[in-house]
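# Observations on the three-dimensional arrangement
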Amino acid sequence: MNDIALGVRFAPYVRVSTTLESQKDSLENQTSFFINYIKDKKGELFNIYSDDGKTGTSLTKRDEMKNLLKDAKKGLFDVVLIKSITRWARDTVDSITLVRDLKGSGVRVVSIEDGYDSFDDHGEMKLTLLSMMAQQESDNISKNVSFGIREKARHGIFHGTPPYGYSNEKGKLIPRYPEAQIVQEIFKLYLKNGWGMQRIANHLTENKVPTPRTVLGAKNAGSIWHQSSIKIILANVHYVGDLLQGKSKTDPSDKAFSQRHGYKKRIIMDEEEVIFVPETHSGLISREEFHEVQTRMKSRAKMRFCGRGKKSLFARIAYCADCGAGMVFKNNRNTYICGSYQKRGGKVCTSHRIKSNILKEKVLSDIRILAEESIDTNALQKVVQKQSGNKSEDLKDQLTELNKTFKQLDNEKIQLVRALTRETVDDTTFKKQQQVIDSEIKVVKEKKAEIEKSLFQQKDDEKRLISFHHEVKRFVQLKIDEDEVLRQALHSLIEKIDVAENGKIEAIHYNFKKPMGT
């Protein structure tokens with residue numbers, strides 16, 4: 001670290017994991033320390049990247065870290081300063097990946113407390129050890145915190161976000177008004193008035209009742225109540241005055257899920273690990289009402305399942321042509337209607353109503369016509385093979401040329417390394433030439449991948465087309481009486497059916513392009 005040249009551009013990264021006042025003070029201390037450090041080194045301060053109240057176990061929500069990486073690729077600074085590896089990342093893989101990304105951009109990482117310098121750690125041994133220690137420390141803290149939370153829960157102390165209708169005051173759930181009255185109304189409408197969950201949700205939305213996320217002050221809160229929110233409230237045992245904690249926990253091991261969704265995956269805990277403490281706070285409804293609601297919910301769910309399994313031939317393949325929602329089967333009317341209309345009424349879409357027997361008859365008729373108009377399978381196969389054969393030869397020629405180019409670039413890279421070792425080129429020229437060659441190699445690899453994918457796709461398309469013809473003819477020749485067998489057969493042939501506003505079929509999208517002639 002002592003060989004850092006004058007005028008180097010520094011970019012300190014500071015992070016605290018909570019928004020507590022003591023941690024904010026730590027943030028200010030880190031910032032002040034780095035400013036003085038840069039002055040002592042006669043360097044230039046480019047920017048201070050600060051993630052306030054963000055965990056080090058995940059990179060998903062660390063916006064300033066993402067900005068730091070983007071600016072590093074632009075070459076806006078030379079050295080990243082961190083207080084310690086624990087401030088950098090508490091996951092070993094993340095820590096190493098971050099350092100590698102920065103080194104790839106020519107940026108140095110220096111940790112003051114650990115005496116670490118990424119330009120001196122060629123084998124990454126020191127970084128690996130420091131990162132493993134940081135992760136172990138994080139795991140220990142997490143275990144201790146979890147243990148403390150569970151012990152408090154066993155004594156009736158609530159932890160976390162309170163259910164809608166309650167506030168959390170020093171670990172005790174206290175009814176919060178008017179939300180508590182809304183909860184009581186939801187149970188009354190479901191139990192006494194016989195309303196469905198979606199109807200209750202629509203009622204609350206129309207009356208502009210603040211949603212649970214709005215009450216919590218969430219950034220992405222909406223004004224529309226959903227059926228799922230009503231279901232969560234109706235199934236929450238806290239409303240009878242009992243405490244139930246530890247039903248699930250986060251899964252830090254599934255990083256792919258966290259990166260994809262922006263939050264950690266939750267694991268359902270075994271029943272013996274769930275903490276239940278009766279009568280810890282004031283209930284909003286009686287136990288009798290709660291149990292009656294649970295019985296009714298199970299009964300309705302069973303009825304929906306049975307109806308869907310026996311009657312709904314076109315579930316998940318019939319869609320509204322206007323809003324794109326799935327068509328919902330109404331068992332008592334033997335009719336399909338738009339899912340948006342079913343949930344929100346005529347304000348968002350029209351019914352697109354179509355009788356189940358009419359939909360079935362028209363779809364089967366279209367499949368029969370498809371089979372009659374389809375050309376002979378053997379002739380079709382020859383045409384497809386001839387057409388794909390010409391294109392395949394062209395793609396193979398392109399692939400051969402790309403392989404030649406790749407070998408040439410690889411050879412140029414070897415010659416460049418030899419030139420460096422012989423000192424016929426300096427470090428700066430070497431790096432620039434290496435970047436140019438690597439960039440060209442990347443382009444060649446991407447083109448090769450595209451061509452290989454196209455060649456594979458052509459073979460796959462040919463097989464699928466022939467298979468589709470066989471499937472259509474087999475389907476037409478069979479007389480299927482069982483609805484479940486027919487449903488599976490329809491799903492194998494059809495990807496999507498668009499139902500127009502007047503109840504007519506606008507289009508049938510088959511699982512492979514409809515082969516009407518050549």
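Above this note sits the structure.
Report on the accompanying structure. (Residues numbered from 1 in each chain as written. Predicted model: local features only at pLDDT ≥ 70, side-chain atom pairs only at ≥ 80, totals over all residues. Heavy atoms only, no water.)

### Brief notes about helix α6 (residues 179–191)
For α6, spanning 13 residues, the distance from its first C-alpha to its last is 19 Å, which sits close to the expected 18 Å at 1.5 Å a residue. Turning to α6, its buried residues are E179, A180, I182, V183, I186, F187, L189, Y190 and L191. (Helix = DSSP H or I, 4+ residues; strand = E, 2+ residues; numbered from the N terminus. Expected span 1.5 Å × (residues − 1). Buried < 20%, exposed > 50% of the residue type's maximum accessible area, 1.4 Å probe, protein only.)

### Thoughts on helix α2 (residues 63–73)
Within α2 the residues assigned to the buried category are M65, L68, D71 and A72. For α2, the angular spread of the buried residues around the axis is 125°, confining them to a single face. Exposed and facing more than 90 degrees away from the buried side of α2 are K70 and K73. Among the structural elements, β1 (9–16), β3 (49–52), β4 (79–82), α3 (85–88) and α4 (92–104) are those in contact with the buried residues of α2. (Arc of directions from axis to C-beta. Contact = heavy atoms within 4.5 Å.)

### Quick notes on a nonpolar patch on the surface
Together, M125, L129 and M132 line one region of the surface with nonpolar side chains, adding up to about 330 Å² of accessible area. Along the chain, L129 turns up in helix α5 (residues 125–154). (Patch = residues over 30% accessible without salt bridge, like charges linked within 9 Å, V, L, I, M, F, W, Y side chains within 5 Å. Areas by Shrake-Rupley, 256 points an atom, 1.4 Å probe, with all protein chains shown as cover. Salt bridge = Lys/Arg side-chain N within 4 Å of Asp/Glu carboxyl O.)

### Concerning unusual backbone geometry
Residue P178 is reached from Y177 by a cis peptide bond, and omega for that bond is 10°. Of note, P178 is situated in the loop between β8 (172–175) and α6. Even without being glycine, K170 reaches a positive phi, approximately 55°. Examined against the element boundaries, K170 turns out to sit in the loop between β7 (166–169) and β8. Here the phi dihedral of K208 falls at roughly 55°; this positive angle occurs in a residue that is not glycine. When you line up the elements, K208 lands in the loop between α7 (197–206) and α8 (212–216). Judged by its relative accessible area of 71%, K208 falls in the exposed class.

### Some details on the sheet that holds strand β14 (residues 327–330)
In spatial order, the strands read β14-β15-β16; together these three strands make up an open sheet with antiparallel pairing. Since the sheet does not close on itself, it has two edges, and those belong to β14 and β16 (354–355), each with one partner. Taken together, the four bridges between β14 and strand β15 (residues 335–338) define a ladder with antiparallel strand orientation. Across the sheet, the residue bridging to K330 is T335, located in β15. (Pairing = 2+ DSSP bridges.)

### A look at the sheet that holds strand β13 (residues 318–320)
Working definition: the strands of a sheet are paired by backbone hydrogen bonds and lie parallel or antiparallel to each other. Read from one edge to the other, the open sheet built from three strands follows the order β13-β17-β18, with strand pairing classed as mixed. Looking along the sheet, the strands with just one partner apiece sit at the ends: β13 and β18 (505–510). When the angles between neighbouring strand axes are averaged without regard to direction, this sheet yields 25°. Across five bridges, the pairing between strand β17 (residues 494–499) and β18 is antiparallel. If you follow K496 over to β18, its bridge partner there is H509. (Axes fitted to C-alpha atoms, helices over the stretch in contact; angles between N-to-C directions.)

### Some points on the side chain of Q294
The topology assignment puts Q294 in helix α11 (residues 287–311). According to the relative accessible area criterion, Q294 is buried, its value standing at 17%. Other than its neighbours up to four places away in sequence, Q294 contacts L234 and A235.

### Quick notes on the nonpolar core
Judged by nonpolar contacts, the single largest core of 33 residues is most densely connected at I186, F187, W225, I230, L234 and Y239. Elements with a contribution of two residues or more to this core: α6, α7, α9 (227–234), β12 (275–277) and α11. The element best represented in this core is α6, accounting for eight residues. Residues in contact with I186, not counting those within four places in the same chain, are I200, L204, W225, I230, I233 and L234. One finds I354, I367, L370 and I494 within the second-largest nonpolar core, a separate group that totals 25 residues. (Core = buried A, V, L, I, M, F, W, Y, C linked by side-chain atoms within 4.5 Å.)

### Some words on the packing of aromatic side chains
Within this structure, the stated rule accounts for 10 aromatic pairs. A ring pair is formed by F10 and Y37, whose centres lie 6.4 Å apart and whose planes are at 90°; its orientation type is edge-to-face. Highlighted residues: F10 in strand β1 and Y37 in helix α1 (residues 21–40), separated in sequence by 27 residues. In this structure Y37 comes out as buried when scored by relative accessible area, which is 13%. A centroid spacing of 6.0 Å and a plane angle of 75° characterise the contact between F314 and Y336, whose relative ring orientation is edge-to-face. Placement of the pair is F314 in the loop between α11 and β13 and Y336 in strand β15, with a sequence separation of 22 residues. In terms of burial, F314 and Y336 fall into one category: buried. Taken together, F10, F33, F34 and Y37 form an aromatic cluster joined through their ring pairs. (Phe/Tyr/Trp six-rings, centres within 6.5 Å; stacked < 30°, edge-to-face > 60°.)

### Structural notes on the pairing of β8
On any regular strand, side chains alternate: one points to one face of the sheet, the next to the other face. Examined bridge by bridge, β7 and β8 share four bridges and lie antiparallel to one another. In the sheet register, Y166 faces β8, and the bridge partner there is P175. As consecutive antiparallel partners, β7 and β8 are separated by two residues, and within that stretch K170 has a phi angle of approximately 55°, a positive value.

### Some words on the side chain of S351
Mapping S351 onto the fold places it in the loop between α12 (339–344) and β16. Classification of S351 as buried rests on a relative accessible area of 17%. Apart from the residues within four sequence positions on either side, S351 is in contact with M327, I337, C338 and Y341.

### Focus: the environment of L81
Mapped onto the secondary structure, L81 falls in strand β4. With a relative accessible area of 0%, L81 lands in the buried category. Each C-alpha atom, one on L81 and one on S111, is 6.1 Å from the other, the two residues being 30 residues apart in sequence. Dropping the residues within four chain positions of it, L81 is found in contact with F10, A11, P12, Y13, F34, Y37, I38, V110 and I112.

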